[in-house]
Amino acid sequence: LNIPAMRFEIPTQVGTPISMKSESVPVHVNAPFNPLPLVAGAAVGVCVVAAALWRLRRRRALAAKNAAHAAVANDIRDKMLVLKQRVNTADSREWLLELEGVCKEYALDRFGAAGCGLADAADVSSASVNLEELQKSGKLEGWESLLEEFAHARYGGGKRDAFENKETWKGAMKLMGVEEE
C-alpha cells in the first residue's frame, strides 16, 4: 500500500500562496489476514435478516387475523341492522332465535372455538356455541336477561310487542359492543 504525495496551496493576503508538499509514503502490513471479524459480521447480518423476516411474517399474520375479525364484526353489524329493520314485522319467536344466532356468532368470534368449549376445528359452526355455559363461566357478564329472552323463545314463548324486541335488540347491541353507523 502506498500513500501518494499531496500538495497544498494556501492563499495569503499578500497575494503569493504558501505551498506545502508531502512525500509519498509506502505502508507495509506484515500481519496475516484475520477472517474472524468478517465471519462475526456476516453472522450478525444473517441474524438481523432472520429477525426482520420473522417480524414481517408475524405482522402479516396479525394483519390477516385482524382483517378476518373485522370482516366478522362487519357481518355481525349488518345482521343486527337487518334484525332492527325486521323488529316490527317479524314473528317475535323467530326474531329472537335469529338474534340468538347472531349472539352465538359474536361469542365464537370473540372467544374462539376453544374458548367456547368446542373442538378447535375449522368447520365449527356458531350453532353449537352454548351461551348459557359461557355466561356461567363468567365470560358473558351482564347477559342474564338476554339469555332469559332466548330461553323463553326456544321453549315456547308467546307473542311479544315490537317495543320489547327493540329493547332486546338495543341490549344485545350494547353487550356485543356493536355500534350503528
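Visitor: For this particular structure, what's the right way to read the overall build of the chain?
Guide: Across its full length, the chain carries 5 helices and 4 strands. Sequence-ordered secondary structure for the chain, helices as α and strands as β, is β-β-β-β-α-α-α-α-α. By principal-axis analysis of the C-alpha atoms, the chain measures approximately 110 × 50 × 25 Å. Per-residue burial for the chain yields a buried fraction of 22% across its 181 residues. Within the chain, residue pairs in contact and separated by at least 24 positions form 53% of the contacts whose partners lie at least 6 positions apart. For the chain, the accessible surface area stands at approximately 12900 Å², while carbon and sulfur atoms represent 58% of it. Within the chain, one finds 23 positive and 24 negative side-chain charges whose respective centroids are separated by 8 Å.

Visitor: Even after reading the chapter, I still don't get the packing of helix α1 (residues 36-85) against helix α5 (residues 162-176), so can you show me in this structure?
Guide: Axes are the key here: two packed helices are described by the angle between their axes and the distance separating the axes. Look at α1 against α5: their axes get within 10 Å of each other, and the N-to-C directions meet at 165 degrees. The orientation of α1 with respect to α5, classified from their angle, is roughly antiparallel. Crossing geometry of α1 relative to α5 is assigned as left-handed. Of the residues in α5, those in contact with Ile76, Met80, Leu83 and Lys84 of α1 are Lys166, Trp169, Ala172, Met173 and Met176. Its residues placed into classes, the contact of α1 with α5 shows 7 nonpolar, no polar and 2 charged.

Visitor: What is the right way to look at the side chain of Thr168 in this model?
Guide: Within the fold, Thr168 resides in helix α5. Look past the residues within four positions of Thr168 in its chain and what remains in contact with it is Trp95, Leu96, Leu99, Leu146, Glu149 and Arg160.

Visitor: Would you mind showing me how to read the pattern of salt bridges here?
Guide: Note on pairing: side chains with opposite charge can pair once their charged atoms come close. Counted by the stated rule, this structure contains 8 salt bridges. Its salt-bridge partner being Arg154, residue Glu100 comes within 2.2 Å of it at the nearest N-O pair. Highlighted residues: Glu100 in helix α2 (residues 92-115) and Arg154 in helix α4 (residues 144-154), separated in sequence by 54 residues. Arg154 gets classed as partly exposed once you look at its relative accessible area, which sits at 26%. Several salt bridges share partner residues, and in doing so they unite Asp75, Lys79 and Glu105 into one network.

Visitor: Before we go on, may I ask you to explain the environment of Leu36 in this structure?
Guide: Position of Leu36 relative to the elements: it lies in helix α1. Taking the C-alpha atoms as reference points, Leu36 and Ala70, 34 residues apart in sequence, are found 51 Å from one another.

Visitor: Sorry, what's going on with the side chain of Arg77 here?
Guide: One can find Arg77 in helix α1. On the basis of relative accessibility, which here comes to 15%, the residue Arg77 falls in the buried class. Not counting the four nearest positions on each side in its chain, Arg77 is found in contact with Val178, Glu179 and Glu181.

Visitor: I tried to follow the packing of aromatic side chains on my own but got confused; where do I start?
Guide: Two aromatic rings, taken as a pair, are described by how far apart their centres are and by the angle between their planes. Counted under the stated rule, the structure contains 1 aromatic pair. Aromatic pair Tyr106 and Trp143: ring centres 6.0 Å apart, planes at 15 degrees, arrangement stacked. Of the two residues, Tyr106 is situated in helix α2 and Trp143 in the loop between α3 (131-136) and α4; the sequence distance between them amounts to 37 residues. By relative accessible area, Trp143 is classed as buried at 2%. Looking at Lys139, its charged tip hangs above the ring of Phe111, at a distance of 5.7 Å from the centre.

Basis of the calculations
- Residues numbered from 1 in each chain as written.
- Predicted model: local features only at pLDDT ≥ 70, side-chain atom pairs only at ≥ 80, totals over all residues.
- Heavy atoms only, no water.
- Helix = DSSP H or I, 4+ residues; strand = E, 2+ residues; numbered from the N terminus.
- Buried < 20%, exposed > 50% of the residue type's maximum accessible area, 1.4 Å probe, protein only.
- Contact = heavy atoms within 4.5 Å.
- Areas by Shrake-Rupley, 256 points an atom, 1.4 Å probe, with all protein chains shown as cover.
- Lys, Arg positive; Asp, Glu negative; His and termini not counted.
- Charge placed at Lys NZ, Arg CZ, Asp CG, Glu CD.
- Axes fitted to C-alpha atoms, helices over the stretch in contact; angles between N-to-C directions.
- Parallel < 35°, antiparallel > 145°, perpendicular 65-115°, else oblique.
- Left-handed = near helix turned anticlockwise from the far one by under 90°.
- Nonpolar A, V, L, I, M, F, W, Y, C, P; charged D, E, K, R; others polar.
- Salt bridge = Lys/Arg side-chain N within 4 Å of Asp/Glu carboxyl O.
- Phe/Tyr/Trp six-rings, centres within 6.5 Å; stacked < 30°, edge-to-face > 60°.
- Lys NZ or Arg CZ within 6 Å of the ring centre and 35° of its normal.

Purely geometric numbers; function is a separate question.
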